[in-house]
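Secondary and tertiary structure notes
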Amino acid sequence: MVKKDTKAYMETINRRKFADKWAEYKKRPGSFIAMLIVYLSAALTMLAIGFLLVYVLVKGIPNLSADLFRWKYTSDNCSLLPALINTILMTLLSLLIAAPIGIFAAVYLVEYAKTKNKLIAVVRVTAETLTGIPSIVYGLFGMLFFTNALGFKLSLLSGAFTLAIMVLPVIMRTTEEALLAVPKSYREGSFGLGAGKLRTVFKVVLPSAVPGILSGLILATGRIVGETAALIYTAGSVAEVAKNIFSSTRTLSVHMYLLSKEGFHTNQAYATAVVLLVLVVLINFVSDKIAKKCTSEKG
Amino acid sequence: MRKFKEVLMQIVFLVSALVSIAAVALICIFLFVNGIPAIREIGFGSFTLGQIWRPSNDMYGIFSFILGSIYVTAGALLIGVPIGLLTAIFLAKFCPVRLYKIIKPLINLMAGIPSVIYGFFGMCVMVPLVQKIFGVNGNTMLTAQILLGIMILPTIICVAETSIRAVPEKYYQGAVALGATHERSVFLTVVPAAKSGIMAGIILGVGRAIGETMAVIMVAGNQERMPQGILKGVRTLTANIVMEMGYAQDLHRKALIATGVILFVFILLINLLFSIIKRKTVV
């Protein structure tokens, strides 16, 4: 009871009216200026992102037309539907390659490797290196390795492999964090009931880490959807729905780039930007929600 | 049987962990094997320090693109670092909780917006604006610098905010108890204590800026000549690769890959610097 009173008392002491602050600022103009530039910078940041969002939406939404969602792309209708379908195919294929590897790698790092292992340090460093490599370098590598050396040509498959390497560190890191957040007692309980290591990993540890892993996969999806530079010279730019994994395809981002580069179809480019933007916002939102859910459950 | 399965899966997990090592090794090998012969053929000096890029005459000097990348990145930092750092300070020390719940997701979103959209925005809004204000062709170094400055904001804000929040609350309380104003406490005790984390964020921003491709291509003009001032067009290393890879043959093509090698080396150095600073922060 006493403690609560003290706390309330402290709060009344610490609460300051605007007039108090103003008096202080008058005495110390330096602080006032510092406060102003802090607020100004935050406002500038918000202005930049706000203006971009509003501008693209305002310019783009009126240009959304049924023509943009025709099954077949022609240079007249600039349909984005084939590119959208290709994006989904590309995402699925990339995740199909990257998700098992990324998740298994994280399992090894968290559950199997000994903490002072040299190998882990090397894996960490390489994963960090992969995170920092710009997408154009991935594009060059994909072109040299998958497209030429392995003979995949410009194809969905080349693109998917390239992107899979690109998102691998994202999946590894988020899965690792999710696995580390699973309490030790879960594993001990499972071992105590006589389960082996493998059974513990698959039946106890991984299931309780699902939300974290999922949010990582969605984050990876966001990167795949937004990628352009890594795809131009690996997946190519054919504006048709991919017939099989060896056909050249353009994803929505590449489509968007080519459309704005040509410069003839500005209105359609605005509309495509809206679709791409909404897609990315949606992906971000879902990932955020899942990540929040798993932290609030843990906390 | 069960034992066998355990061992088998352990090997599968181990192999998965090794994939990232293999990937880095493969990337290095393929870039270097394809790029270094070209550098040797052109001559390291005349490749990296040559000022003229004229593939039709077999002249491959990328010095102007290296300078272009450095100028554009430096300009982006000049714009992005102060605004990003101050925004991070705002988020960590000034922002009311309710406002934070709106701003933070927006900044996360900013990090997720694809670079083509930034580029498109730059092309449609900033290029005409620069054109109007300065009366020159709007595809300039300045446009690219501003656009990249915006694009590296979320990276800098996130890392700087985290490191400012990691500074023990005692530092702030001590300063306030000694009679310093809120601003003085934040700027002169908390922020200096978060210095190395902020540095790490800036280096991460450098990495993003120097590697950015699509957005830069769409606004920078891409002329293959030495940078001639911030109101003239400029071509960066990344732009050089994407612009010409589509039709390049033989040595020209190899020279483009070699351009990628130089970019890759830059990035590796930046990564190294980043991990050194990060390690310092942990200790």
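**Re the overall build of chain B**
Per the secondary structure count, chain B includes 13 helices and two strands. Once the C-alpha set of chain B is aligned to its principal axes, its extents read approximately 75 × 70 × 30 Å. The buried share of chain B, reckoned over its 283 residues, is 55%. Considering only residue pairs separated by 6 or more positions, chain B has 73% of its internal contacts joining residues 24 or more positions apart.

**A look at the confidence of the model for chain A**
Across chain A, the average pLDDT comes to 87, with 95% of residues at 70 or higher. Averaged pLDDT values over the elements of chain A bottom out at 67 in helix H1 (residues 2–14) of chain A and peak at 94 in helix H7 (residues 156–180) of chain A.

**A few points about the interface of chain B and chain A**
Each partner contributes residues to the interface: chain B has 71 residues there, and chain A has 75 residues. Among the residues chain B hides against chain A, the three largest losses belong to Phe13, Ile117 and Phe120 of chain B. Together they make up 10% of the total. Here chain B and chain A share zero salt bridges between them. Between chain B and chain A we count nine residue pairs in polar contact (both at pLDDT 80 or more) in total. If one sorts the elements of the side of chain B that touches chain A by residue count, helix H1 (residues 2–42) of chain B sits on top with 21 residues. Residue composition of the side of chain B that touches chain A, grouped by class: 49 nonpolar, 15 polar and seven charged.

**Quick word on the environment of glycine 207 of chain B**
All names here are of chain B. Looking at where glycine 207 falls in the secondary structure, it is placed in helix H10 (residues 195–211). By relative accessible area, which is 13% here, glycine 207 ends up buried. A sequence separation of 59 residues divides glycine 207 from phenylalanine 266, and the C-alpha atoms of the two residues are 8.7 Å apart. Those residues in contact with glycine 207 that lie beyond four places of it in its chain are Ile267 and Ile270.

**Considerations on the domain arrangement of chain A**
All names here are of chain A. Looking at the assigned domains, one finds that chain A contains domain 1 (2–63) and domain 2 (67–298). The straight-line distance from the C-alpha centre of domain 1 to that of domain 2 is 37 Å. Contact with domain 1, which involves eight residues of that partner, is made by seven residues of domain 2. Counting each side, the surface lost to burial between domain 1 and domain 2 is near 680 Å², with a carbon and sulfur contribution of 78%. Run the count over domain 1 and domain 2 and you get one residue pair in polar contact (both at pLDDT 80 or more). For the side of domain 1 that touches domain 2, the per-class residue count stands at five nonpolar, two polar and one charged.

**Some details on the environment of proline 169 of chain A**
Residue and element names in this part refer to chain A. Its place among the elements puts proline 169 in helix H7. You can call proline 169 buried: its relative accessible area is 4%. Beyond its immediate stretch of four places on either side in the chain, proline 169 contacts Ala127, Leu130 and Thr131.

**Some remarks on the layout of surface pockets**
Its volume calculated, the second largest pocket comes out at about 620 Å³. What lines the second largest pocket is a set of 21 residues, among which Arg16, Lys21 and Tyr25 of chain A together with Tyr172 and His182 of chain B lie closest to the centre. Of all elements in the fold, only helix H2 (18–27) and helix H3 (29–60) of chain A together with helix H3 (63–94), helix H8 (169–177) and helix H9 (182–193) of chain B reach the threshold of two or more residues within the lining of the second largest pocket. Looking at which element gives the most residues to the lining of the second largest pocket, the answer is H2 of chain A, with five residues. Tallied by class, residues from the lining of the second largest pocket come to 10 nonpolar, five polar and six charged.

**Describing the packing of aromatic side chains**
Using the criterion set out here, one finds 26 aromatic pairs over all chains in the structure. Here the aromatic rings of tyrosine 270 of chain A and phenylalanine 120 of chain B are separated by 5.0 Å at their centres, their planes lie at 70°, and the arrangement is edge-to-face. Taken as a pair, tyrosine 270 of chain A in helix H13 (residues 266–298) and phenylalanine 120 of chain B in helix H5 (residues 115–134) lie in two separate chains rather than in one. Comparing tyrosine 270 of chain A with phenylalanine 120 of chain B, the two get one shared label, buried. Ring-pair connections join several aromatic residues into one group, and the members of that group are Phe141, Phe145, Phe146, Phe152, Phe161 and Phe246 of chain A together with Phe30 of chain B. In this structure, lysine 93 of chain B packs its charged tip against the face of tyrosine 172 of chain B, placed 5.3 Å from the ring centre.

**Here we look at unusual backbone geometry**
Residues and elements named next belong to chain B. One non-glycine residue, asparagine 222, lies in the positive phi region at around 65°. Along the chain, the position of asparagine 222 falls in the loop between helix H11 (214–220) and helix H12 (237–245). Judged by its relative accessible area of 8%, asparagine 222 falls in the buried class. Despite not being glycine, aspartate 250 shows a phi value in the positive range, around 45°. Secondary-structure assignment places aspartate 250 in helix H13 (residues 250–282).

**A short note on the packing of helix H6 (residues 135–149) of chain A against H7 of chain A**
Residues and elements named next belong to chain A. Interhelical geometry of H6 versus H7 gives an angle of 135° and a closest axis separation of 9 Å. With respect to their mutual orientation, H6 and H7 come out oblique. Where H6 crosses over H7, the two elements pack in a sense that is right-handed. Listed contacts from H7 to Ser135, Tyr138, Gly139, Phe141, Gly142, Phe146 and Thr147 of H6 are Ser158, Phe161, Thr162, Ile165 and Met166. Grouping the amino acids of the contact of H6 with H7 by side-chain chemistry returns six nonpolar, six polar and no charged.

**Some words on the state of the cysteines**
Scanning the model with the defined rule gives zero disulfides over all chains in all. The thiol of cysteine 95 of chain B is not disulfide-bonded; the next cysteine sulfur, from cysteine 158 of chain B, is found 14 Å away.

**What to know about helix H5 (residues 118–132) of chain A**
Here H5 of chain A is 15 residues long and its end C-alpha atoms lie 22 Å apart, about the 21 Å a rise of 1.5 Å per residue gives. Inspection of H5 of chain A places Ile120, Val123, Thr126, Ala127, Thr129 and Leu130 of chain A among the buried residues, and these make up the whole buried set.

**Quick word on the side chain of threonine 45 of chain A**
Here threonine 45 of chain A shows up in helix H3. Taking the relative accessible area as the measure of exposure, threonine 45 of chain A reaches 0% and is therefore buried. Ignoring anything within four residues of it in the chain, the contact list for threonine 45 of chain A reads Ile83, Thr87, Met110, Leu153 and Ile157 of chain B.

Cut-off values and rules
Residues numbered from 1 in each chain as written. Chains lettered and ligands numbered in written order. Predicted model: local features only at pLDDT ≥ 70, side-chain atom pairs only at ≥ 80, totals over all residues. Heavy atoms only, no water. Helix = DSSP H or I, 4+ residues; strand = E, 2+ residues; numbered from the N terminus. Buried < 20%, exposed > 50% of the residue type's maximum accessible area, 1.4 Å probe, protein only. Contact = heavy atoms within 4.5 Å. pLDDT = per-residue confidence, 0-100. Buried area = accessible area lost by both parts, 1.4 Å probe. Salt bridge = Lys/Arg side-chain N within 4 Å of Asp/Glu carboxyl O. Polar contact = N/O pair within 3.5 Å; in protein donor to acceptor, adjacent residues only side chain to side chain. Nonpolar A, V, L, I, M, F, W, Y, C, P; charged D, E, K, R; others polar. Domains from an automatic or database assignment. 1 Å grid on protein atoms, 1.4 Å probe; cavity = no way out; pocket = protein on both sides within 12 Å on 5 of 7 lines; lining within 4 Å. Points joined across faces, edges and corners; volume = space filled by probe spheres on them. Phe/Tyr/Trp six-rings, centres within 6.5 Å; stacked < 30°, edge-to-face > 60°. Lys NZ or Arg CZ within 6 Å of the ring centre and 35° of its normal. Axes fitted to C-alpha atoms, helices over the stretch in contact; angles between N-to-C directions. Parallel < 35°, antiparallel > 145°, perpendicular 65-115°, else oblique. Left-handed = near helix turned anticlockwise from the far one by under 90°. Disulfide = S-S within 2.5 Å. Expected span 1.5 Å × (residues − 1).

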